[in-house]
Amino acid sequence: MSEEKAKISTDPLLFEEDDQRVSLVGIARLANQAETADTGHLTEYRALKVRSILNKSVSKRGLPFGKTINPYRGCEFGCRYCFARYTHEFMELRDPELFERLIFVKQNAAWLLSQDLRKLRAGEQIAMGTATDPYQPIERRMRVTRSLLEVMAECRGLKLGIVTKSTLIVRDLDILKKFATRNQLAIHLSITTPDTKLARILEPRAPRPDLRFKTVAALRAAGLRAGVLCCPIMPGINDTPVAFDAMAKRAKEANASFFAANPLFLKPCSKGTFLDFVHEHFPSLEPSYQKRYEENAFVSKAYQQRVADLLATVVKKYGLGRRREELQPVREVYPVDTGPVQQSLWPEKAKLPPSVQTDVIRRRFSA
């Protein structure tokens, strides 16, 4: 085992702060009791006992869903901008890197979901993958996400949205199609940029963008509603009209059901990680980001509107559908940008701009 993995596995201060034992309650206590279920490259997976799988959505952003499902806590993809790093803080794991190095696999997920669904109100929407990717690499072995889909496929009248960056979702085409015959399903492939080099440093362990576009095409060919979620839109990096146009064109070529985008949402837990990324790869933008996100996790209303307008323009141009019906009309047509498709790290391209069923899971844990 590598030194890094050994440190994660044996560090006695993993759940301590300032060399003083903290009082662990709730999810933090359960996380502290979790036993190692598997290991990967610099990553440890732990079996986490939980009391529920279907969680209530608590947000000030006016999200359309009331319930969320996250089969895992933590995500191995390691996206520099990920806002969900705060979820590890609930377990007193405050090192941001632990979010992508110490992954918790929820036990008895299928059985718990079958109980939770009995309490679901009619018409209430469920979102899967809002905090961690349900198809991250460990899903290949643990199959927790598939076990949950198997439970929901036996239901009727559910409304489910899935968000993922992973090509692994095509493994479950059979159960997704079965679910969609009696329920409403929308699949969102998160693709931030078509540039593989940029994606590799921004989302270091996620599948390549071209493979994600192919995944959209495969889902559509299977008759499922699937679209592209271009998030986050990062000022000075992937927010030009040309960048929007390039993404929408690829979405159209993949026969995407819709194309959506939202600006970068930078919570304190992810701010340091993302700003380190900007400092290393886009140093000219660092002062702008420091100022823009100094006191607020959200961009300004004016910038939000600019993104909405750019989005509406390309959606109309390529005849793409809408993710939801909240998209505002275009206020004005922005001039054609003759600059790069997006901020580039490579001078020869462009200059920097100025500005599973329960027993199956149990066997895997005990193997």
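Bear in mind that the values here come from a model prediction, so they are computed numbers and not experimental data.

1. Points about the sheet that holds strand β9 (residues 125-128)
One open sheet holds the seven strands; their spatial order is β5-β6-β9-β10-β11-β12-β13, and the pairing between them is mixed. The open sheet has two free edges, formed respectively by β5 (55-56) and β13 (259-263), since each of these has just one partner strand. Two strands pair when backbone bridges link them, and strand β10 (residues 159-164) and strand β11 (residues 184-190) are joined in this way by six bridges, in the parallel orientation. The partner of Val-163 across the bridge, within β11, is His-188. Helix α8 (residues 173-182) rests against β10 and β11 of the sheet, and its axis sits at about 135 degrees to β11.

2. Details of the pattern of salt bridges
Evaluation of the coordinates by the stated rule reveals 16 salt bridges. With a shortest N-O distance of 2.6 Å, Glu-100 and Arg-205 are connected by a salt bridge. Of this pair, Glu-100 sits in helix α4 (residues 98-101) while Arg-205 sits in the loop between α9 (196-202) and α10 (209-221), and the two are 105 residues apart along the sequence. For Glu-100, a relative accessible area of 5% translates into the label buried. The closest approach of N and O atoms between Arg-146 and Asp-172, which form a salt bridge, is 2.8 Å. Here Arg-146 is found in helix α7 (residues 144-152), whereas its partner Asp-172 is found in the loop between β10 and α8, with 26 residues between them in sequence. Here Arg-146 falls in the buried class, since its relative accessible area comes to 11%.

3. Thoughts on the nonpolar core
In terms of nonpolar packing, the biggest core is built from 90 residues, with Met-152, Phe-259, Phe-274 and Tyr-289 touching the most fellow members. Here this core gets seven residues from one element, more than from any other, and that element is helix α14 (residues 301-318).

4. Some details on the packing of helix α11 (residues 241-253) against α14
Interhelical geometry of α11 versus α14 gives an angle of 40 degrees and a closest axis separation of 9 Å. Relative to α14, the element α11 lies oblique. Crossing angle aside, the handedness with which α11 passes α14 is right-handed. Across the interface between the two elements, Pro-241, Phe-244, Asp-245, Ala-248, Lys-249 and Lys-252 from α11 touch Arg-306, Val-307, Leu-310, Leu-311, Val-314, Lys-317 and Tyr-318 from α14. Residues that form the contact of α11 with α14 fall into these classes: eight nonpolar, no polar and five charged.

5. Some thoughts on the packing of aromatic side chains
Across all of its chains, the model carries six aromatic pairs by this definition. On the numbers, 4.7 Å between centres and 35 degrees between planes, the contact of Phe-265 with Phe-298 is tilted. Placement of the pair is Phe-265 in the loop between β13 and α12 (268-281) and Phe-298 in the loop between α13 (286-292) and α14, with a sequence separation of 33 residues. With relative accessibility at 14%, the residue Phe-265 sits in the buried group. Note on Phe-274 and Tyr-289: the rings are 5.5 Å apart at their centroids and 65 degrees apart in plane angle, and the pair reads as edge-to-face. A residue pair is termed long-range when its members are at least 10 positions apart, and Phe-274 in helix α12 and Tyr-289 in helix α13 qualify at 15 residues. The pair Phe-274 / Tyr-289 is uniform in exposure class, with both members buried. Grouped by ring-pair contacts, the aromatic residues Phe-274, Phe-277, Phe-282, Tyr-289 and Tyr-293 constitute a single cluster. One residue, Arg-292, lies across the ring of Tyr-303, its end atom 5.1 Å from the ring centre.

6. Some points on the confidence of the model for the protein
When pLDDT is averaged across the protein, the result is 80; 73% of the residues are at 70 or more. Scored below 50 in pLDDT, residues 1-21 shows 40 contacts in the model against residues more than four places distant or in partner chains.

7. Brief notes about α7
In terms of burial, α7 is a largely internal element, eight of the nine residues being buried. Among the residues making up α7, those that are buried are Val-144, Thr-145, Arg-146, Ser-147, Leu-148, Leu-149, Val-151 and Met-152.

Cut-off values and rules
Residues numbered from 1 in each chain as written. Predicted model: local features only at pLDDT ≥ 70, side-chain atom pairs only at ≥ 80, totals over all residues. Heavy atoms only, no water. Pairing = 2+ DSSP bridges. Helix = DSSP H or I, 4+ residues; strand = E, 2+ residues; numbered from the N terminus. Contact = heavy atoms within 4.5 Å. Axes fitted to C-alpha atoms, helices over the stretch in contact; angles between N-to-C directions. Salt bridge = Lys/Arg side-chain N within 4 Å of Asp/Glu carboxyl O. Buried < 20%, exposed > 50% of the residue type's maximum accessible area, 1.4 Å probe, protein only. Core = buried A, V, L, I, M, F, W, Y, C linked by side-chain atoms within 4.5 Å. Parallel < 35°, antiparallel > 145°, perpendicular 65-115°, else oblique. Left-handed = near helix turned anticlockwise from the far one by under 90°. Nonpolar A, V, L, I, M, F, W, Y, C, P; charged D, E, K, R; others polar. Phe/Tyr/Trp six-rings, centres within 6.5 Å; stacked < 30°, edge-to-face > 60°. Lys NZ or Arg CZ within 6 Å of the ring centre and 35° of its normal. pLDDT = per-residue confidence, 0-100.

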